[in-house]
Amino acid sequence: MRTLWLSLLFSTALVASAGESVAGETRARQILDRFENANQWRDHVMVAAHRAGSMQAGKTLYAENSLAAVEGSIAMGAEIVEVDIRRSKDGEFVVMHDSWLDRTTTCKGEVVRYTLAELKTCRLVVEGTRAVTDERVSTLREMLLATRDRILINLDNKLEVGDLPGMIAVAQDLGMADQVIVKENLWNQNRIATVKTAMAAIGGGFQFMPIIADDAVHDAGFAETVDHSFSPRAIELINWRAGAETLTETGGPLFSTRMRAVAVRGNWHIWADTYAIVNKPGGFLAGGRGDELAVQASLPREAWGFWVDCGASIIQTDEPKAAIDWLAANGYRVPYTNDARPAEQAHTASIN
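In this text the structure is predicted, and so the values were computed from the model without any measurement.

What follows is about the packing of helix H6 (residues 164-173) against helix H7 (residues 189-202). Look at H6 against H7: their axes get within 9 Å of each other, and the N-to-C directions meet at 30°. Classified by the angle between their axes, H6 and H7 sit roughly parallel to one another. In the crossing of H6 with H7, the sense of the turn from one axis to the other is right-handed. Together, Leu164, Pro165, Ile168 and Gln172 of H6 and Ala198, Met199, Ala201 and Ile202 of H7 make up the contact between the two elements.

In this section: the nonpolar core. Among the nonpolar cores identified, the biggest contains 74 residues, and Leu144, Ile153, Leu155, Val180, Met199 and Ile212 are the most heavily contacted of them. Among all residues touching Met199, those that are not within four sequence positions of it are Leu164, Gly204, Phe206, Phe208 and Phe230. Judged by nonpolar contacts, the second largest core, of 13 residues, contains Leu152, Met209, Ile314 and Tyr336.

What the rule picks out here adds up to five aromatic pairs. Residues Phe306 and Trp307 carry aromatic rings whose centres are separated by 4.9 Å and whose planes lie at 90° to one another, so their mutual orientation is edge-to-face. Residues Phe306 and Trp307 agree in their burial class; the two are buried. Here the guanidinium or amino end of Arg34 rests over the ring plane of Trp41, the centre of that ring lying 4.0 Å away. In this structure, Arg289 packs its charged tip against the face of Phe306, placed 4.1 Å from the ring centre.

A side chain of one charge can pair with a side chain of the opposite charge when the charged atoms of the two come close. One pass over the structure, following the stated rule, counts 22 salt bridges. Note that Glu36 is salt-bridged to Arg29, the shortest N-O span being 3.4 Å. The closest approach of N and O atoms between Glu302 and Arg289, which form a salt bridge, is 2.9 Å. Here Glu302 is found in helix H11 (residues 300-309), whereas its partner Arg289 is found in the loop between strand E12 (269-273) and helix H10 (291-296), with 13 residues between them in sequence. Overall, Glu302 belongs to the partly exposed group, its relative accessible area being 38%. Residue classification places Arg289 among the buried positions, given a relative accessible area of 8%. Residues joined by salt bridges that share partners form a network here, namely Arg51, Glu64, Asp98, Arg103 and Glu127.

In this section: the environment of Leu116. As for its placement among the helices and strands, Leu116 is situated in helix H4 (residues 116-119). By relative accessible area, which is 19% here, Leu116 ends up buried. When the C-alpha positions of Leu116 and Glu92 are compared, they lie 6.6 Å apart, and in sequence the two are 24 residues distant. If near-sequence neighbours (up to four positions away) are discounted, Leu116 is found in contact with Ser88, Asp90, Glu92, Val94 and Thr139.

Here we take up the state of the cysteines. Enumeration over the complete set of coordinates arrives at one disulfide. With a sulfur-sulfur separation of 2.1 Å, Cys107 is cross-linked through a disulfide to Cys122. Between Cys107 and Cys122, the S-S dihedral sits near -105°, and the bridge is therefore left-handed. Here Cys122 lies in the loop between H4 and strand E6 (123-126) and Cys107 lies in the loop between strand E5 (93-95) and H4, a separation of 15 residues in the sequence. With respect to class, Cys107 is no different from Cys122; both count as buried.

Parameters and conventions
Residues numbered from 1 in each chain as written. Predicted model: local features only at pLDDT ≥ 70, side-chain atom pairs only at ≥ 80, totals over all residues. Heavy atoms only, no water. Axes fitted to C-alpha atoms, helices over the stretch in contact; angles between N-to-C directions. Helix = DSSP H or I, 4+ residues; strand = E, 2+ residues; numbered from the N terminus. Parallel < 35°, antiparallel > 145°, perpendicular 65-115°, else oblique. Left-handed = near helix turned anticlockwise from the far one by under 90°. Contact = heavy atoms within 4.5 Å. Core = buried A, V, L, I, M, F, W, Y, C linked by side-chain atoms within 4.5 Å. Buried < 20%, exposed > 50% of the residue type's maximum accessible area, 1.4 Å probe, protein only. Phe/Tyr/Trp six-rings, centres within 6.5 Å; stacked < 30°, edge-to-face > 60°. Lys NZ or Arg CZ within 6 Å of the ring centre and 35° of its normal. Salt bridge = Lys/Arg side-chain N within 4 Å of Asp/Glu carboxyl O. Disulfide = S-S within 2.5 Å.

Here it is, written out as structure tokens:
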């Protein structure tokens, strides 16, 4: 009993010391510490805002992938914003999910057919209401400047693996490559080799997160191979859901007891996705246990709580505010040093 008590006392002292050491650090640095040290922070569930975090309570408040959405996600306490990267006709990296401009801007046509100057005439719109905002299509550099030292940023590469070095080069030029997470799907040894070659061309200093989906991978052993190849700090796991399938009871083959053990041995986070995909059944990436179940059906424990029970310590969601509120209320969030009073709900001031 005395040994246990001394161990607990020592652990408490370490936590207190860590709190003092980060007191003067940027918010991004504190988030990065939790991202890079999964085993020390498994009692804290991080939240990643999908497409920068444009939604709240089922309603789209901001244009997706917008600077206004980023500001909203930072204000509510999200740790990561996810944005999508494409190229303009003249080769500039820009932030845009679709290959076409029609859905999210006032312009029409393919992104790749517009020069950057032409894209800068396109104003972002709020999906659903089609409200036109004052924001223009952002470059990758502009988006990185908005997040630097404030929040981590996950770049969803809508191009080729070979484009990743160019994206990281922009972050390196801004001195923030370690705050950037890039990801690629992995499903066999050939794919691992291809991505590994691209990673070697970059030379390190950034965060690489593999994605593994259970349509192609059915065993935690593959995650061990991925871990040995890349030593990632997080692996994104996907539990596909077929159209008429009922809610998953186990999380599928990847969210297994063995996978949780592999994650602990490798000191990496299990990243789960609960956001929706257009024209797909609810919770398509989450065995049916997605944001719709959490918010529209008012069953957050059956969605976010389920994935936490399956070992997830990072959840990517379209509903970051609701997720953060529920996780905090149920003991799954550990306050950061110098956490400010929770911000009031942001207003969509950029909408005309």
